[in-house]
Amino acid sequence: MTAADADAAALPPEARRARCRGLLPGLLAWLAGLVLFLPVAWMVLTSLHSESDAATNPPSVAASLTLDGYRTFFGAGGGTSPWPALINSATAGVTSTVLVLTLALPAAYALSIRPVRKWTDALFFFLSTKMLPVVAGLLPVYLFARDTSLLDNIWLLVVLHTSMNLPVAVWMLQSFLSDIPVSLVEAARLDGARLPAVLGRVVAPLAGPGIAATALICFIFSWNELLFARALTAVTAQTAPVFLTGFITSQGLFLAQVCAASVVISLPVLAGGFAAQDKLVQGLSLGAVK
Amino acid sequence: MTDPLTAAPAARAGAVPRTAGPRPKPPALRAWATRAPLLPALVFLIAVTQLPFAATLVISLFDWNALRPGERRFTGLSNYTAVVHDAGLRDAVVTTMVLTASVVVTSLVLGLLLALLLDRSFRGRGLVRTLLIAPFLLVPVAAALLWKHVLYNPEYGLLNGALTWAGRLFGVDSPPQPDWISSMPLPAVEAALVWQWTPFMMLILLAGLQSRSPETVQAARLDGAGDWQVFRYVTLPHLRRYLELGTLLGAIHIVQNFDAVFTVTSGSLGTANLPYAIYRTFYQAHEYGQASAAGVLVVTGSAVIATFALRVVSSLFRGGVSRG
């Protein structure tokens, strides 16, 4: 089977078929892949160059490699250590993801396996909160945090990231739980299995990969989040993205260091995203694409 | 072949009526038992996301500047008058619309081309797919920094470095070395965002392409349809719902984009979109009342668009079922 190709319209059928079998589409795909990947590759290469090799025009591609960029980023040159920020990001990511799953799993169960009446309305309410710009609620949150001494406190961020990811998780889990055949659940219940047993032995194994993908995507969104973190944290609770924005202004322009920092901070997301590639589409499309 | 764009939700609506479990309970109690698992999530979400909006609404009716804390007083709708007449905020509305529309459309078109290429089998397809996803998996701030400093930098950036190379290659003595961000600020932000969002669109559209039934395509070919006709009359109609879904999800994220605008241009040179403008109003100008009024207007506008968008989503899901 050959897929349709817009630019092949004008060719006669024989030539077209020959072309489709030929190497051209594969070559084009490779070319496109490499062009889009080039900035990422360049970032990694620059992170391994010395500062003077990183700042040349034309670029020094074959310059010798060094880990100095990473050493300086991790505070070797007397700069601020990124570890507190990385730990804050990990804390916010892991804790908010656990909270999200604790709240979203029962909710998704009540929207799929044993649906409440008008469950579509509830589902769409969850989604609608995602469409209203978060920035509009930022000021009251800021004032509340200031008056309760929660500014620059990582737990405030945990709560906000939980609310930010909860609708996404409810939609994703609802989609994954709906993939479980109702008949399996009903059969287990008719056999006299109690609810915990049904959940543990029937639902959990089948929904496991979906739950893992949901957790991963929630963690990524929390790890990436900048607006709340930027407005509500300062020194002690700053997350990795906030550290990254401040890092530039305080240290001036050091390309190798900027690249090393970007690589380090993106690494967990890249690793997680590649690991979850198969479920990524279903997750990011809120379960609409399977 | 089942259509993967199905909504489980709607499928369940038409599903068999379910039994209540082994022991019958009174109907009211049963209804609450079914509802109970949903409540913690609902209550939490309303408390954390809806209460701040209510507070924003109240604050928007006050004249309240953080630098003059003692002078907070009720002023009715005068903040709204100020906001509507604020040229900066009006520009931000236009910028947001231009930014969102251009990024969504461009990444959708590029994503479609890539998805069409990746729909064929060729050597190393899995690897190319992985390479293509990488831009989407960079932390947005890191991606924005990468574009700002490593690609756009007028002296050492890769773009101008490539121009120098090309100049040497073709014997041009002084190749152009544009200052990308100052000479084209909005396109500079857009390019960085398109680069990050094209893989996302590609993934959704590729899933759409791979869900086409091969029988339909073969039947069309037997009827003598060429590649273009198959694309125009079979593939494109099938992809319509996937294109709508990509548009909707892309728009939700890009309307609210803060990272790229904040990092690449700091909202200067006419690139301040609404999230950035509101952030700046309360963070730099400390005009709490006006920032809140702007927030209320933005929420109202978003609610109108969201109602429309939700209708698209629910028709997507219903459409999936009627076809599936």
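Counting of residues starts from 1 at the beginning of each chain's written sequence and follows it residue by residue. Numbering of ligands from 1 and lettering of chains from A proceed in the order in which they are written. Restriction of local features to residues with pLDDT of at least 70 applies here, the model being predicted, together with a cutoff of 80 or more for giving and counting side-chain atom pairs; totals for whole chains, interfaces and linings are based on all residues.

**Points about the interface of chain B and chain A**
Turning to step 1, where the next piece is worked out: Each partner contributes to the interface: chain B provides 101 residues, whereas chain A provides 100 residues.
Turning to step 2, where the next piece is worked out: Secondary structure elements are defined from DSSP: runs of H or I of at least 4 residues count as helices, runs of E of at least 2 residues count as strands, and each element is numbered from the N terminus. With 14 residues, helix H15 (residues 288–323) of chain B is the single largest residue contributor to the side of chain B that touches chain A.
Turning to step 3, where the next piece is worked out: Note on residue classes: Ala, Val, Leu, Ile, Met, Phe, Trp, Tyr, Cys and Pro are nonpolar, Asp, Glu, Lys and Arg are charged, and everything else, Gly too, is polar. Tallied by class, residues from the side of chain B that touches chain A come to 73 nonpolar, 19 polar and 9 charged. What counts as a contact is two residues whose backbone-derived C-beta atoms lie within 7 Å of each other.

**A look at the UniProt feature "transmembrane region" (unreviewed entry) in chain B**
Residue and element names in this part refer to chain B.
Turning to step 1, where the next piece is worked out: UniProt positions are given in the numbering used here, feature names are shortened, and annotations may be inferred rather than shown by experiment. Summarizing the sequence annotation, UniProt attributes the feature "transmembrane region" (unreviewed entry) to residues 38–62, 97–118, 130–150 and 192–209 in the numbering used throughout.
Turning to step 2, where the next piece is worked out: Each end of residues 38–62 is marked by a C-alpha atom, and these two atoms are 36 Å apart; helix forms 84% of the span and strand 4%.
Turning to step 3, where the next piece is worked out: Helix makes up 100% of residues 192–209 and strand 0%, and the two end C-alpha atoms of the span are 26 Å apart.

**Details of the packing of helix H13 (residues 255–275) of chain A against helix H7 (residues 140–151) of chain B**
Turning to step 1, where the next piece is worked out: All axes here are fitted lines through C-alpha atoms, helices being fitted over the stretch that makes contact, and every angle between N-to-C directions spans 0 to 180 degrees. Contact geometry for H13(A) and H7(B): axes closest at 10 Å, N-to-C directions at 160°. In terms of axis orientation, H13(A) runs roughly antiparallel to H7(B). In this structure, H13(A) crosses over H7(B), and the sense of that crossing is left-handed. On the side of H13(A), the interface is formed by Leu255(A), Val258(A), Cys259(A), Ser262(A), Ile265(A) and Ser266(A), while H7(B) contributes Ala142(B), Leu145(B), Leu146(B), His149(B) and Val150(B).
Turning to step 2, where the next piece is worked out: Broken down by class, the residue content of the contact of H13(A) with H7(B) amounts to 8 nonpolar, 3 polar and no charged. The cut-offs work like this: below 35 degrees is roughly parallel, past 145 is roughly antiparallel, 65 to 115 is roughly perpendicular, and the gaps in between are oblique. In a left-handed crossing the near helix is turned counterclockwise from the far helix by less than a right angle, and in a right-handed crossing that turn is clockwise.

**As for unusual backbone geometry**
All names here are of chain A.
Turning to step 1, where the next piece is worked out: Within the chain, Ser 149 stands out as a residue other than glycine whose phi angle is a positive 55°.
Turning to step 2, where the next piece is worked out: Within the element layout of this structure, Ser 149 appears in the loop between helix H7 (138–147) and helix H8 (154–178).
Turning to step 3, where the next piece is worked out: For Ser 149, a count of 8 C-beta atoms within 10 Å gives the class exposed.
Turning to step 4, where the next piece is worked out: Although it is not a glycine, Asp 152 adopts a positive phi angle of roughly 60°. Here the C-beta atoms are placed from the backbone, and a residue counts as buried if at least 20 other C-beta atoms lie within 10 Å of its own, exposed if 12 or fewer do, and partly exposed otherwise.

**Some thoughts on the UniProt feature "transmembrane region" (unreviewed entry) in chain A**
Residues and elements named next belong to chain A.
Turning to step 1, where the next piece is worked out: Annotation from UniProt places "transmembrane region" (unreviewed entry) at residues 23–45, 90–111, 123–142, 198–222, 228–247 and 254–276.
Turning to step 2, where the next piece is worked out: Helix makes up 96% of residues 23–45 and strand 0%, with an end-to-end C-alpha separation of 30 Å.
Turning to step 3, where the next piece is worked out: From the first C-alpha to the last, residues 228–247 spans 18 Å; its make-up is 65% helix and 0% strand.

**Considerations on the environment of Asp152(A)**
Residue and element names in this part refer to chain A.
Turning to step 1, where the next piece is worked out: Along the chain, the position of Asp 152 falls in the loop between H7 and H8.
Turning to step 2, where the next piece is worked out: When the 15 C-beta atoms within 10 Å are taken as the criterion, Asp 152 is described as partly exposed.
Turning to step 3, where the next piece is worked out: C-alpha of Asp 152 to C-alpha of Asp 53: the two residues are 99 residues apart in sequence and 38 Å apart in space.
Turning to step 4, where the next piece is worked out: Ignoring any residue separated from it by four or fewer positions in sequence, one finds Asp 152 in contact with Thr 233, Ala 234, Val 235, Thr 236 and Ala 237.

**As for the UniProt feature "domain: ABC transmembrane type-1" (unreviewed entry) in chain B**
Turning to step 1, where the next piece is worked out: Cross-referencing UniProt, the feature "domain: ABC transmembrane type-1" (unreviewed entry) maps to residues 93–309 of chain B in the present numbering.
Turning to step 2, where the next piece is worked out: Between the C-alpha atoms that bound residues 93–309 of chain B the distance is 19 Å, and the span itself is 77% helix and 0% strand.

**Comments concerning H8(A)**
All names here are of chain A.
Turning to step 1, where the next piece is worked out: Expected helix span is taken as 1.5 Å per residue step, with the number of steps being one fewer than the number of residues. Taking 1.5 Å as the rise per residue, H8 with 25 residues should run 36 Å; its terminal C-alpha atoms sit 35 Å apart, in good agreement.
Turning to step 2, where the next piece is worked out: Two axes enter the bend calculation: one fitted to the seven residues ending at the residue in question, the other to the seven starting there, and the bend is the angle between them. For H8, the principal kink sits at Asn 165 and spans about 35°; a proline, Pro 167, occurs within the next four residues.
Turning to step 3, where the next piece is worked out: H8 sits mainly inside the fold: 22 of its 25 residues count as buried.

**A look at the environment of Pro115(A)**
Residues and elements named next belong to chain A.
Turning to step 1, where the next piece is worked out: With respect to the helices, strands and loops of the structure, Pro 115 is situated in the loop between helix H5 (83–111) and helix H6 (119–131).
Turning to step 2, where the next piece is worked out: When the 22 C-beta atoms within 10 Å are taken as the criterion, Pro 115 is described as buried.
Turning to step 3, where the next piece is worked out: Sequence-wise, Pro 115 and Thr 214 are 99 residues apart; in three dimensions their C-alpha atoms are separated by 20 Å.

**Comments concerning the environment of Pro140(B)**
Turning to step 1, where the next piece is worked out: Turning to its location among the elements, Pro140(B) is positioned in helix H7.
Turning to step 2, where the next piece is worked out: On the basis of neighbour count, Pro140(B) is assigned to the buried category, with 24 C-beta atoms found within 10 Å.
Turning to step 3, where the next piece is worked out: Each C-alpha atom of the pair Pro140(B) and Ala192(B) lies 9.6 Å from the other, and the pair is 52 residues apart in sequence.
Turning to step 4, where the next piece is worked out: Excluding its chain neighbours within four sequence positions, the residues that come into contact with Pro140(B) are Asn224(A), Leu226(A), Gln196(B), Asp259(B) and Ala260(B).

**A closer look at the packing of helix H14 (residues 277–284) of chain A against helix H10 (residues 185–210) of chain B**
Turning to step 1, where the next piece is worked out: Axis separation between H14(A) and H10(B) bottoms out at 10 Å; the angle between their running directions is 95°. As far as their axial angle goes, H10(B) and H14(A) are roughly perpendicular. When H14(A) is examined against H10(B), the residues Leu280(A), Val281(A) and Leu284(A) are found in contact with a partner set consisting of Phe200(B), Leu203(B), Ile204(B) and Ala207(B).
Turning to step 2, where the next piece is worked out: Taken together, the residues that form the contact of H14(A) with H10(B) break down as 7 nonpolar, no polar and no charged.

**Some remarks on the nonpolar core**
Turning to step 1, where the next piece is worked out: In this usage, the nonpolar core is the set of buried Ala, Val, Leu, Ile, Met, Phe, Trp, Tyr and Cys residues whose C-beta atoms join them within 7 Å. Ala104(A), Ala169(A), Val170(A), Leu173(A), Ala192(B), Ile204(B) and Ile278(B) are the most contacted members of the largest nonpolar core, which has 174 residues in total.
Turning to step 2, where the next piece is worked out: Ranked by residue count, the leading element in this core is H10(B), at 16 residues.
Turning to step 3, where the next piece is worked out: In this structure, Val170(A) is in contact with Ala104(A), Ala107(A), Ala108(A), Phe126(A) and Ala41(B), ignoring residues within four places of it in sequence.

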